[in-house]
Structure formats: C-alpha cells, structure tokens
Amino acid sequence: HEDGLIATCHHVLRDILQGGAKSRVGKHLEPITMESPVGKRFQITTLDRSQRIEAICLASDPDHDVSLLQFDGALPQGVQIPRLIDIKSTPMGSYTFTVTAFGKIEEAAYQYEYFSTGGEIWGLISRSSKAQSSPSVQMLRLQTKTILPGMSGAPVYVQELDGVVGLISGRFNVDDNGKWLGEI
C-alpha cells in the first residue's frame, strides 16, 4: 500500500515472538496466551533475501488471523506492493491466483529460497468458533495442491484483477469421506 502498510497473519507474528514455538493438540493449533504483537518491531526480508525492511505492528486480530504493519521509510529498490482488492465486492467467478513465499521444503542436499505456486479461487467460506463467542470469519476457498508450511502471510495475487485478495492463513484437505482435515 502507498502508505507503507502491509499485512501478514497474526499467527506468524505470534510465532516470531514465541521463538517459533507452537502448541499443537493432534493436528490443530491451540491458542497460546501471549503478549500482543501491536507496537512491536519486525524485520521483513525481501524474497531474494538481499534486503530487510523494518516495520511496526499497528494492529492485530487473532480471530481473523491478520496483522497490519507499517514499514519505515522507502521500500527497497525493485520492491512493489500490489493494490488490495475487496473480493466480496468483486463478481464471483473462476479466478486464478499466484502465491510466492518462503515455503518449508525438507531436503537435505538443498536449501530453497522461495517458492511460487498457483491455483483457482473457488469461492468464500464463513467460519465461526464452536468453543467461544468470536465473530464469524470469511475466508477464500483456494484450490491448489502446493501451499506449503511456512507460506502463511503470503499475499494471494489475482492476475485478472491485478491485485491481492487475501493472505494464506492455513491449509485444509478434504478426505474421501468429506471430512475436513486441517493444519493451521
């Protein structure tokens, strides 16, 4: 954004503040009580890892898994922030998307810098918590087989709309019996 605003996932900042620690029960991430990332400073690395951008967290919403940061000064040369598109006000159709991020690929002989993937947007999902009174969250339903752990917070770019429509927040698969399996 031209005001120096960028978004990422709340859980990404939470994990950074906790030194990467995650509490899991089965395949589900358990909420961890922690101090808020708001007001904290973070370093954001460019995809080619050649430069770092300092940013401060202005707001964070754990229910919607989104945090808003503002970077200091000018962006490094060659770095562009695409415009944000409100997908709810865009006619639903079959859109293709691209995600480029640091994915975790476990291979002993190589280190991967970043990973690009794509797929289709299949619509919106509305989710609410069964356990607590939290607001309903609207999410995009993306169809792809190659979103990897570590890609959380990456922008979902839609070529047809020339902009970003959301962030990668979690991965879900449906088995042959129609059950939701998840790892957030």
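What follows covers the overall build of the protein chain. Summing up its helical and strand segments, the protein chain has one helix and 13 strands in all. Order of helices (α) and strands (β) in the protein chain, N terminus to C terminus: β-α-β-β-β-β-β-β-β-β-β-β-β-β. When burial is assessed residue by residue, the protein chain has 26% of its 184 residues classed as buried. Put simply, 52% of the contacts in the protein chain that link residues at least 6 apart link residues at least 24 apart. Surface accessibility of the protein chain: about 11,900 Å² in total, with carbon and sulfur atoms responsible for 51%.

Before going further, it helps to spend a moment on the nonpolar core. Counting residues in hydrophobic clusters, the biggest one holds 15 residues, and the most contacted among them are Val 99, Val 158, Leu 161 and Val 165. Of all the elements in the fold, those that place two or more residues in this core are β7 (95-101) and β10 (155-158). If one sorts the elements of this core by residue count, β7 sits on top with four residues. Those residues within four positions of Val 165 in sequence are excluded, and the remaining contacts are Ile 85, Ile 87, Ile 121, Leu 140, Val 156 and Val 158. Grouped together as the second largest cluster of nonpolar side chains are eight residues, Leu 13, Ala 55, Leu 69 and Phe 71 included.

For the coordinates displayed, the defined rule picks out three salt bridges. Between Asp 15 and Arg 14 there is a salt bridge, with its nearest N and O atoms 3.1 Å apart. Here Arg 41 makes a salt bridge to Glu 54, at a shortest N to O gap of 3.2 Å. Taken as a pair, Arg 41 in strand β4 (residues 41-45) and Glu 54 in strand β5 (residues 52-61) lie far apart in primary sequence, 13 residues in all. With relative accessibility at 30%, the residue Glu 54 sits in the partly exposed group.

Turning our attention to the confidence of the model for the protein chain. Of the residues in the protein chain, 80% have a pLDDT of 70 or more, and the chain-wide mean is 78. Below pLDDT 50 for its whole length, residues 23-32 participates in 18 contacts with residues either more than four positions away or in separate chains. Predicted confidence for residues 176-184 stays below pLDDT 50, and this span has 23 contacts to residues more than four positions away or in other chains.

What follows covers the environment of Trp 122. Following the sequence through the fold, Trp 122 ends up in strand β8 (residues 115-127). With 26 residues separating them in the primary sequence, Trp 122 and Thr 96 have C-alpha atoms 9.3 Å apart. Not counting residues up to four positions away in its chain, the partners in contact with Trp 122 are Arg 141 and Gln 143. Here the side chain of Trp 122 touches Glu 120 through a polar contact of 3.0 Å, side chain to side chain.

Moving on, we get to the sheet that holds β4. Spatial strand order, β1-β6-β5-β4: four strands in an open sheet with antiparallel pairing. Every interior strand has two partners, whereas the edge strands, β1 (5-8) and β4, have only one. On average, each strand axis in the sheet is inclined to that of its neighbour by 40°, with strand direction left out of account. In this structure, β4 lies alongside β5, joined through five bridges in antiparallel fashion.

Even without glycine at this site, Asp 65 takes up a positive phi of about 55°. Here Asp 65 shows up in the loop between β5 and β6 (66-71). Overall, Asp 65 belongs to the buried group, its relative accessible area being 11%. Unlike most non-glycine residues, Asp 162 shows phi in positive territory, near 55°. The topology assignment puts Asp 162 in the loop between β10 and β11 (163-167).

Thresholds, definitions, all that
- Residues numbered from 1 in each chain as written.
- Predicted model: local features only at pLDDT ≥ 70, side-chain atom pairs only at ≥ 80, totals over all residues.
- Heavy atoms only, no water.
- Helix = DSSP H or I, 4+ residues; strand = E, 2+ residues; numbered from the N terminus.
- Buried < 20%, exposed > 50% of the residue type's maximum accessible area, 1.4 Å probe, protein only.
- Contact = heavy atoms within 4.5 Å.
- Areas by Shrake-Rupley, 256 points an atom, 1.4 Å probe, with all protein chains shown as cover.
- Core = buried A, V, L, I, M, F, W, Y, C linked by side-chain atoms within 4.5 Å.
- Salt bridge = Lys/Arg side-chain N within 4 Å of Asp/Glu carboxyl O.
- pLDDT = per-residue confidence, 0-100.
- Polar contact = N/O pair within 3.5 Å; in protein donor to acceptor, adjacent residues only side chain to side chain.
- Pairing = 2+ DSSP bridges.
- Axes fitted to C-alpha atoms, helices over the stretch in contact; angles between N-to-C directions.

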